[in-house]
Amino acid sequence: MPIVDSKTGKTIRKLSAGELVEAANLLRGYNLVSLAAAGSGHAGGTLSIMDIAAALYLNVARHDPKKPQWEDRDRIIWSTGHKAPSLYLCLGMSGYFDIEEVVTLRKLWSPFQGHPHWPKCPGIEASTGSLGQGLSIANGIALAARLDNRKHRVYCLMGDGEQQEGQIWEAVMEAGHYKLDNLCGIVDKNRLQIDGWVRDVMDIDPLADKYRSFGWNVIEIHGHCMEEILKAFEEAEAFKGKPTVIIAHTTKGKGVDFMEDVAGWHGKAPSYDQMLEGLTQLGLRQKLPVQKLMEKAKGYQKTVDKKLNAKMPRFSRDYFWNAGPRMKVEMAPTRKGFGCALADTGDDERVVCLGADISGSITISDFYTCDAKRENRFLSMGIAEQSATGVAAGLAKEGKLPVFGTYGVFASGRNLDQLRTTVCYGNFNVFIAGAHGGVSVGPDGATHQALEELFQMCGLPGMNVSVPCDSVETRKAGINLLFDIKGPKYLRFAREATPIVTTEETPYKFGEANVIRFRGESDNFIDAFETVLSSKYKNEREDLTIVACGPEVPEAMRAAYILKKEYGLETRIVNMHTVKPLDERTIVRACLETGILVTAEEHQVGGVGNLVAAVASQAREVYGMPVLMGMIGVKDRFGESGAPWELIKEFEVSAEHIAQKAKALYDFAKKKGLKKAVKTEKASSAKSKAARSRKKVASGIGRKGTGKKARRTKKARSARKTASGRKGRALRRARPAGRAKSEKKKAGTKPRGAGRQRAKARSGRRK
C-alpha cells in the first residue's frame, strides 16, 4: 500500500519501481547536500539504505503525512538511528514537510537531530540512536496491535554491525516466540562498521541461519535492486505465522565511487567539493538548487548565532576564547591524552585493550597502532558493551590490566548492571574509559551526549572516578589509573578540542585537588595562572571559590579572569580532577576561607555539585558557618544537536554563566553582611588553639568535682574573672597617654621605655 488519505482510504501517491529508482537517486543528492551543510554525519550508511527507505515510504507503508498520528498507519522504527538523514528525506519527499528544510540537519534547535527524536519531527515513531534497541520497540508495537486487533504492520530498520548487540537477539527470540507475523525486520547488510569489515570486527554470519533458528522467515535480496526490494516486502506481508526479516545486501556509500566500501565514510560528511563531485556522479549537479540550499543552511545558522548571543551574560567586552589580542589559548581534544597514555605504557604485557567499534574516535586504538607487536592484546568486541564489560572483569581476575572504552553514555549506562554486579561487587581491577563525555560530541545529539554518568559511576561502591581538565592531565590520569589505582576505575573525557591549561610540570595527585589562581593578564592564557596542590596552598583571602572538573576547569579559570577584570574579585579555582574519592579537606577549607562556593560541571547539575554540597553541609568544621553555594550544570534536560561551543552556551555552562552566578552570590553575601568563617591563616590558627582549650576544659582538665563542688568551682572562676577585669581597667586608667598611642602603632615600633613601663605594671600586680 502507498501514501493514503486517512479520511477516505484512497491512495494519494504510489511510485512505480522506475520512479522509486529516480526518487532514491534524488534523495541521495539531497543527502549529500544536507551532510555537507551540517559538516558532520554518516554518509556511508545513509547512502546504502536509501533504496530500501524510498520503497518503504513511497510505495509500501500505509501512512498519511497530513495526519502523522493516524491510528491505522504502518509503523516504521529506525533502530539504526545514525542513518536519520535518510529518514528525514523520505518524510520530506512523502509530504510531511518541505524536503529542503532538511539542510538544517544537526544544527541547534533543528527538528532534524543527529539521531531521530520523535517529539521534534512529525513522522518519527520513536527516538533512537543507542544501537540494538529498536527491534524491542517494534516488538512492543506489534504486540499492542495484536492485542487491539489492528491490522497495521510494523517495520524495523537495522544495520548489520548492530546485530552484535545482545539486545537484538533477545528481541529476535521474543518475536519468534510470539510469532509476530505483523512484524518485518530489515537488515542493511553493507558489511562495514566504524572499525572496519564486520567479519573482522565481530563476525555476525551466518546471519540468515541465526534468524531461522529463532523462528523467523528469512528473505535475502540485492538491496539496490528495486524490483527485488518491492517483491520482498510483498512476500513478507503475505507470510503468516512467523515474523519476517529481509536481509538486504548493500554497498556502503552507494552511488559515490570514492565512498563505496570505505569504512572511513561511516561517520564522515563530505566537504563542499566532495559533495559537488558526488552530485556529478549521481547526475544531479544541475538538477538540485545547491546554492539555494547552502544559503538556506547558512541563514538558519545566522539565526541560531543571533539567539545564542542574545541569551549570553553581558560584560564590558568579549572574553570568549581567543576573542581578544591577549590571553590566547591552544586547544586539543582530551581524548588524545587518553591515547597517549596507552601508547606510552602499552609495553607492559599485562595491559589488554578492548575496543567497541569506535576505537579510532576515542583513541583507544593508539595502544597498538604505534606498535604492531601489541595488536594481539587489542580485542575487538564489536557493538556489545555489556559483554565486553564482563570480559574485562574476567581478564582482571586473571591478573591482566584491562582497558575498555566507548562513548561515555554507553560506557556508564548501557553496561551499568555489569559494572555494578560483576566489576564493583567483585572489586575487579577494570579500567573503563568514558569517551566523548558531556556535550562535546555535539551534532550527534542527545542519545550520544553523556550527561548523567557521574551520578551512575559515583554511586557505585568502590568505583574510582577521574575527570581531567585537558589532554595533558588526561594522559597523567590515564597512566595513574592504569597502574597506581587498584579496583574499578572510570575516566571521563571529552571529544572536542578544549583549552590546554596544564603542562607536564603542573602537579597532579590522584585524590587531591589542585588550586589555581589568576595572577594577571598575559599573552598566553596558561601563563596568567598559577597552579599548586591544594595541600601546599596558602589562604589568600579570596572572595569566592569555583569548584570545577573536566572541561569546566578552563571555563572556571576564564570566569575568574572575568570576575577580576570586571569587578576586582579574587577567585580560588579548585580543579577537582578526582571526583571519587573527593578531596573533602579542600572543600572544607574553601567554605571556611571564602564562604562562597560555585560548582561547575559539563553534566546534569549536581553530578559534582551535590557531592560538594554534601561535604559543605556535613563537615563539623562548617557547622553554623555562613556558606553560600551555587551550581552550574545542565538543568535536568537531554542534549541537543549543535556545535560543541554552541551547546556550552545553550546549556549555560560557559565562563560567562559561571561568573554571573558567582557575582550574584557575592552581592547577596555583601548585602546580608555575611562574613567569612576564617579570614587569615593566623586567625585559623588562633581558632584552633581556642578549640583545643575548650576541649581540655570539656574533658575535665582544670575542672574537678560534680554537683555543688562543680558549681563552687564555676563560681570561683567567675569571681577571679571579675577581679581580673577590675584590675585591668584600673591599670588602663593609670597608663600615660603615650602608652595608649603606642598601642596603635604597628608591632616592632615600640616607644622608648615601653618595656620598663610594662615591667613596672607587672611588678605592681604581683605586689
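What you are looking at is a predicted structure, and each value in this text was computed from that prediction instead of being measured.

Rules and cut-offs
Residues numbered from 1 in each chain as written. Predicted model: local features only at pLDDT ≥ 70, side-chain atom pairs only at ≥ 80, totals over all residues. Heavy atoms only, no water. Helix = DSSP H or I, 4+ residues; strand = E, 2+ residues; numbered from the N terminus. Buried < 20%, exposed > 50% of the residue type's maximum accessible area, 1.4 Å probe, protein only. Contact = heavy atoms within 4.5 Å. Areas by Shrake-Rupley, 256 points an atom, 1.4 Å probe, with all protein chains shown as cover. Core = buried A, V, L, I, M, F, W, Y, C linked by side-chain atoms within 4.5 Å. Pairing = 2+ DSSP bridges. Axes fitted to C-alpha atoms, helices over the stretch in contact; angles between N-to-C directions. 1 Å grid on protein atoms, 1.4 Å probe; cavity = no way out; pocket = protein on both sides within 12 Å on 5 of 7 lines; lining within 4 Å. Points joined across faces, edges and corners; volume = space filled by probe spheres on them. Nonpolar A, V, L, I, M, F, W, Y, C, P; charged D, E, K, R; others polar. Phe/Tyr/Trp six-rings, centres within 6.5 Å; stacked < 30°, edge-to-face > 60°. Expected span 1.5 Å × (residues − 1). Salt bridge = Lys/Arg side-chain N within 4 Å of Asp/Glu carboxyl O. Parallel < 35°, antiparallel > 145°, perpendicular 65-115°, else oblique. Left-handed = near helix turned anticlockwise from the far one by under 90°. Polar contact = N/O pair within 3.5 Å; in protein donor to acceptor, adjacent residues only side chain to side chain.

Q: Help me understand the overall build of the protein, please; the structure alone is not making it clear to me.
A: A count of helical and extended segments in the protein gives 28 helices and 24 strands. With 767 residues in all, the protein has 55% of them scored as buried. When contacts within the protein are restricted to residue pairs at least 6 apart in sequence, long-range pairs at least 24 apart make up 78% of them. Carbon and sulfur atoms make up 51% of the accessible area of the protein, which totals about 33400 Å².

Q: Would you mind showing me how to read the nonpolar core here?
A: Soluble globular proteins: nonpolar side chains tend toward being buried together. Core analysis: the biggest nonpolar cluster contains 72 residues, and Tyr 88, Phe 233 and Met 275 have the highest contact counts within it. Here the element with the most residues in this core is helix α1 (residues 17–38); it accounts for 11 residues. Sequence-distant contacts of Phe 233, defined by excluding residues within four places in its chain, comprise Ile 52, Leu 56, Val 60, Tyr 155, Cys 184, Ile 186 and Ile 246.

Q: What exactly am I supposed to notice about the sheet that holds strand β20 (residues 544–548) here?
A: Note on sheets: strands pair through backbone hydrogen bonds, and any given pair is parallel or antiparallel. With mixed pairing, the six strands of this open sheet are ordered in space as β19-β18-β21-β20-β23-β24. Here the strands that pair on one side only, and so sit at the sheet edges, are β19 (529–533) and β24 (628–634). Pairs of neighbouring strands in the sheet enclose a mean axial angle of 20°, with direction left out of account. With five bridges joining them, β20 and strand β21 (residues 571–575) adopt parallel strand pairing. The partner of Val 547 across the bridge, within β21, is Val 574. Here helix α24 (residues 655–672) sits on the sheet and contacts β20, β23 (596–604) and β24; the angle it forms with β24, its principal contact strand, is near 165°.

Q: Where do I start with the layout of surface pockets in this structure?
A: A water-sized probe, rolled over the atoms, reveals where empty space remains. A volume near 770 Å³ is recorded for the largest pocket. Lining the largest pocket are 47 residues, with His 42, Ile 194, His 266, Ile 358 and Tyr 407 positioned closest to its centre. Sorting the residues of the lining of the largest pocket by element identifies β6 (192–193), β13 (401–407) and α16 (408–414) as the ones contributing at least two each. Classifying every residue of the lining of the largest pocket gives 12 nonpolar, 21 polar and 14 charged.

Q: What exactly am I supposed to notice about the packing of aromatic side chains here?
A: The relative placement of two aromatic rings is captured by the distance of their centres and the angle of their planes. The full count for this structure, using the stated rule, is 18 aromatic pairs. Relative to Phe 214, the ring of Trp 169 has its centre 5.7 Å away and its plane inclined at 40°; by these criteria the two rings are tilted. Linking Trp 169 in helix α6 (residues 166–177) with Phe 214 in the loop between α8 (207–213) and β8 (217–222), this pair joins segments that are 45 residues apart in sequence. On the accessibility criterion, Trp 169 (17% relative accessible area) is buried. The interplanar angle of 50° and the centroid separation of 4.7 Å between the aromatic rings of Tyr 368 and Phe 378 together place this pair among those described as tilted. Taken together, the residues Tyr 368 in helix α14 (residues 366–369) and Phe 378 in strand β12 (residues 378–380) connect sequence positions 10 residues apart. Note on Phe 378: relative accessible area 10%, which makes it buried. Of the aromatic side chains, those joined through ring pairs into one cluster are Phe 315, Tyr 319, Trp 321, Phe 518, Phe 525, Phe 529 and Tyr 561.

Q: Teacher, can you tell me more about helix α20 (residues 552–567) here?
A: Residue pairs three or four apart in sequence face the same way in an α-helix, which turns once every 3.6 residues. The end-to-end C-alpha separation of α20 is 21 Å, in line with the 22 Å expected for 16 residues at 1.5 Å each. Along α20, 12 of the 16 residues are buried, which leaves the element largely enclosed by surrounding structure. Buried residues of α20: Glu 552, Val 553, Pro 554, Glu 555, Ala 556, Met 557, Arg 558, Ala 559, Ala 560, Tyr 561, Ile 562 and Leu 563, and no others. Remark: Gly 568 follows α20 within two positions and exhibits a positive phi of approximately 75°.

Q: Where do I start with the pattern of salt bridges in this structure?
A: Two side chains of opposite charge can pair, provided their charged atoms sit close to one another. This structure, assessed with the given rule, holds 43 salt bridges. With a shortest N-O distance of 2.7 Å, Arg 558 and Glu 656 are connected by a salt bridge. Taken together, the residues span a long stretch of sequence, with Arg 558 in helix α20 and Glu 656 in helix α24 at a distance of 98 residues. An identical accessibility class is assigned to Arg 558 and Glu 656; each is buried. Among the charged side chains, a salt-bridge network with shared partners connects Arg 517, Arg 519, Glu 530, Glu 540, Glu 542, Lys 564, Glu 570, Arg 572, Arg 589 and Glu 593.

Q: Would you mind going over the packing of helix α5 (residues 134–147) against α6 with me for this structure?
A: Working note: a packed helix pair is described by the angle between its axes plus the distance between those axes. Two elements in contact, α5 and α6, have axes separated by 8 Å at closest approach and are oriented at 25°. In this view, α5 runs roughly parallel relative to α6, as classed from their interaxial angle. In the crossing of α5 with α6, the sense of the turn from one axis to the other is left-handed. From α5, Leu 135, Ser 136 and Asn 139 reach across to α6, where they touch Gln 167, Ile 168, Ala 171, Val 172, Glu 174 and Ala 175. Within the contact of α5 with α6, the residues separate by chemical class into five nonpolar, three polar and one charged.

Q: Just checking my understanding: could you explain the side chain of Glu 165 for this structure?
A: Among the structural elements, Glu 165 can be located in the loop between β4 (154–159) and α6. Judged by its relative accessible area of 1%, Glu 165 is buried. Discounting residues that sit within four places of it in the chain, Glu 165 has contacts with Leu 131, Gly 132, Ile 383, Ala 384, Glu 385 and Arg 414.

Q: Where do I start with helix α19 (residues 471–483) in this structure?
A: Over its 13 residues, α19 runs 19 Å from end to end, which matches the ideal 18 Å to within 8%, given 1.5 Å per residue. In terms of burial, α19 is a largely internal element, 10 of the 13 residues being buried. Of all the positions in α19, only Ser 471, Val 472, Glu 473, Thr 474, Lys 476, Ala 477, Gly 478, Asn 480, Leu 481 and Leu 482 are classed as buried. The opening residue of α19 is Asp 470, an N-cap whose side-chain oxygen sits 3.2 Å from the backbone nitrogen of Val 472.

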